[in-house]
Amino acid sequence: MIDSLKEKIIEQTNATVLANESMSNHTTYGIGGPAELFVLPSSKQDLIDTVRIGRDYKQPVTIIGSGSNLLISDNGIKGVVISIKHCLKEIRIDEEKVYVECGVILSKMIRESMKHNLKGLENLIGVPGTLGGALIMNAGAWGGEISENLETVEILNEKNKIRLLSKKDIDFSYRSSSFAKESILLAATFKLKKSPKESIHENFDVARAGRKNTQPLNYRSAGSVFKNPSSKHSAGMLIDQAGLKGFSVGDAEISNKHANFFVNNGSAKADDMLALIKKAKNAVKEKFNIDLELEVKLLGFDVKEMSE
Ligand code: EPU
C-alpha cells in the first residue's frame, strides 16, 4: 500500500518522496522516529496533489512546518508526512497589505515587513516556526499575537478545495484557534501599519533582548512545553518552584535558564522528553493543584500515554 502510494506521488508530482525518513532531521528537538513517507512538495500544486493522493489512499496525512513545536514519538508517524517548508514560501507586500504563504519562517516575514516600515508583527521576532504553525497555535510573545493584524487565511479543506476564510470565521484565543483539524493552511493576509522605523525597532529590540535573556536559545528545544495556566501563573515559574530546574532523564533536561523549556543535550529520545513532561505535570499538580496543559504538539503517540 505505502509502496504504491509512494509510486503514485512520484508519478503525479515533482515532490521529493522519502521512505522511512527519520523525523529527528526535521524537528528542532532533533527527536522523532521515521515517517512512513516523508514528502517535500516543490510547489503549492504539488502539495495539493500529494494531500489528495494520500487521502484517496485513506492514509493519515500530517503536515509539518519547521518542526519547532513538535514532539514526535520514537516509533515515528504512520502514513504521509508533508513538509511545507519548500513549497509555500512566497511573500508579497503591497502598501500595508502583506500576503504570506504558510511555509514562510515567521522571523523572515517579520523582517520583510519591517523593511517596508510596517508595524504590527515585530513583538513576535524570534518565535520559531512557520506562519502555518504560528496561526494554528495563535503564537504570541511580548504582548503580541499573530492573529492581531490578520485579515484572511487561505486553506485547503477536507474535500481538497481551496477556501478563503476571513478573520471573523476563525476563533482565536491564547495559543489556540478554531481551524478544522483536516484544514491545511496555505496562506494568509495581514494589514499592518506604516510607522516610523524607530517605533518598530523599539518593540523589536525589547522582544529580542527579552527572549535572549530569559530563554535557552542555544539549545535544541521546542519553545514552551506547557501553556501558561492563567495570567497569574506561568508554567515556567510553577515548574521552577516545584524544584525541577536541571532535572533530567537521559539527555532530556528541564532547562536551568527557563523551566518551561525542555532541552535535548544530544541524544534525547521522545520517551525521555515524555518522562520529563509527566514529571513536571505531576509535580505541579501535587504542589499547586494546577493541571498544566501541553503547548507542544505530540505526534505518533498513543493518546493514552499522556493520560497516565
Ligand atoms: N519564571 C520563573 N522561573 C522560570 C521561568 C520563568 O520563575 O524558570 C518566572 C519569570 O521570572 C516571570 C514569569 O515566570 O516572572 C513569566 O516568565 P517569562 O517572562 O519568561 O514568560 P513566560 O510566561 O514563561 C511567555 C510565553 C512565551 C513568550 C514569553 C514572552 C507561554 C507558555 N510562554 O513565557 O512564549 O516568549 O511569554 O512574551 O505563553 C512559546 O509559546 O513557546 C513561548 C516561548
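Student: Explain the site of the ligand to me, please; I cannot follow it from the model alone.
Tutor: Around the ligand, the surrounding shell holds 21 residues, and the nearest of these are Trp142, Tyr174, Asn228, Asp240 and Glu295. One of the side-chain nitrogen or oxygen atoms of Arg175 is found 2.9 Å away from an oxygen atom of the ligand. Contact between the ligand and Ala259: an oxygen atom at 2.8 Å from a main-chain N or O atom of the residue. Burial of the ligand by the surrounding chains reaches 71%, relative to a free accessible area of 820 Å². By residue number, the principal contributor to the shell around the ligand is helix α6 (residues 235-241), which donates 3 residues.

Student: I tried to follow helix α5 (residues 197-214) on my own but got confused; where do I start?
Tutor: It helps to recall that an α-helix has 3.6 residues per turn; residues three or four apart then point in one direction. Between its first and last C-alpha, α5 extends 26 Å over 18 residues, near the 26 Å set by a 1.5 Å rise per residue. Looking only at α5, the buried set comprises Ile200, Phe204, Ala207, Gly210 and Arg211. Looking straight down α5, one finds that the buried residues subtend no more than 135° of arc, so they occupy a single side. In α5, those exposed residues whose orientation departs by more than 90 degrees from the buried face are Glu198, Glu202, Lys212 and Asn213.

Student: Would you mind going over unusual backbone geometry with me for this structure?
Tutor: With the exception of glycine, the majority of residues adopt a negative phi angle, and the majority of peptide bonds are in the trans configuration. Positive phi outside glycine occurs at Asn117, with the angle close to 55°. With phi around 65°, Asn160 is a residue other than glycine that occupies positive phi space. By the element assignment, Asn160 lies in the loop between β11 (150-156) and β12 (162-166). The partly exposed category is assigned to Asn160, whose relative accessible area is 21%.

What counts, and where the lines are drawn
Residues numbered from 1 in each chain as written. Predicted model: local features only at pLDDT ≥ 70, side-chain atom pairs only at ≥ 80, totals over all residues. Heavy atoms only, no water. Near = heavy atom within 4 Å. Polar contact = N/O pair within 3.5 Å; in protein donor to acceptor, adjacent residues only side chain to side chain. Areas by Shrake-Rupley, 256 points an atom, 1.4 Å probe, with all protein chains shown as cover. Helix = DSSP H or I, 4+ residues; strand = E, 2+ residues; numbered from the N terminus. Expected span 1.5 Å × (residues − 1). Buried < 20%, exposed > 50% of the residue type's maximum accessible area, 1.4 Å probe, protein only. Arc of directions from axis to C-beta.

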